[in-house]
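Residue strings, one per chain:
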Amino acid sequence: RPKQPAARVPLMDWIDANDAYGSIIVQYAVYSLSAYSTHILPMATAGIKTAVICYSLPGAGTIPSLGTMFDDGVYAIVVSTSFLAANPTLLANAHAEGIKVHTFNSNTASAVTAQAALGVDGIMSDAPTGSFPATMPPPPSPSSYDGGAP
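Residues numbered from 1 in each chain as written. Predicted model: local features only at pLDDT ≥ 70, side-chain atom pairs only at ≥ 80, totals over all residues. Heavy atoms only, no water.

1. Comments concerning the pairing of strand β2 (residues 50–53)
Here is the rule: Accessible area is worked out with a 1.4 Å probe on protein chains only. A residue is then buried under 20% of its type maximum, exposed over 50%, and partly exposed in between. Runs of H or I in DSSP of at least four residues are treated as helices and runs of E of at least two as strands, each being numbered from the N terminus. The pairing criterion is simple: DSSP has to find at least two bridges between the two strands. When the strands point away from the viewer and the path from the first strand over the helix to the second turns clockwise, the crossover is right-handed.
Residues Thr 50 and Val 52 of β2 are buried on one face, and the alternating residues Ala 51 and Ile 53, pointing to the opposite face, are buried as well. The sheet contact formed by strand β1 (residues 26–29) and β2 spans four bridges and is parallel. Across the sheet, the residue bridging to Val 26 is Thr 50, located in β2. In this region the chain leaves β1, passes through helix α2 (residues 33–45) and returns to the parallel neighbour β2; the handedness of that crossover is right-handed. Pairing of β2 with strand β3 (residues 76–80) involves three bridges; the strand directions are parallel. Its bridge partner being in β3, Val 52 is matched across the sheet by Ile 77.

In structure tokens:
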């Protein structure tokens, strides 16, 4: 997405100076629409890869819908493995809207393998040396989501 004028936050200056390859992803936990507007929106609309850590379903009142987040330039949502398991359509819905899905708390090889098999786009672990299997399963066959660039 092309960068657009937006209110600056201090982190944006650091990213502009240090992210020559566009590989930095800023994650921020959002508990309210106000926090989304204050912290996520300025970075996402400026073209910074921004991920919203979700503790409730998008569009449920505390955070915007997936479609709104995509329109705002949000790159990904981040959810716990248990949250994703409790909301099985979230992954497909996010991908249909063009939003990547990252998970956290994948702290065993079986959890990492299960998340990879689901087709999540990123996996975070508190114990990466003990939780990632020697070989990862192939990703699922792509459907309407191509897993490509934001």
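Text resumes after the structure shown.
2. Overview of the environment of Val 120
Going by this rule: Only heavy atoms enter the contact rule, under which two residues are in contact if any of them lie within 4.5 Å.
Structurally, Val 120 can be placed in the loop between α6 (109–118) and β5 (122–123). Here the alpha-carbon distance between Val 120 and Val 101, two residues 19 residues apart in the chain, equals 5.5 Å. Setting aside residues up to four positions removed in sequence, Val 120 forms contacts with Leu 84, Leu 91, Val 101, Thr 103 and Gln 115.

3. A look at the sheet that holds β3
To keep things clear, this is the line we draw: Every angle, taken between N-to-C directions, lies between 0 and 180 degrees, and every axis is a line fitted to C-alpha atoms, over only the stretch in contact when it is a helix.
Pairing is parallel across the open sheet formed by five strands, whose spatial order is β1-β2-β3-β4-β5. Of all the strands in the sheet, the pair left with one neighbour each is β1 and β5. Its contacts with the sheet put α2 on β1 and β2, and the angle it makes with β2 is roughly 155°.

4. Digging into the pairing of strand β4 (residues 100–104)
Judged by how many residues are buried, β4 sits mostly within the fold: five of five residues are covered. Residues of β4 alternate between two faces, with Lys 100, His 102 and Phe 104 on one and Val 101 and Thr 103 on the opposite face, all of them buried. Viewed along the sheet, the connection from β4 through α6 into β5 turns out right-handed.

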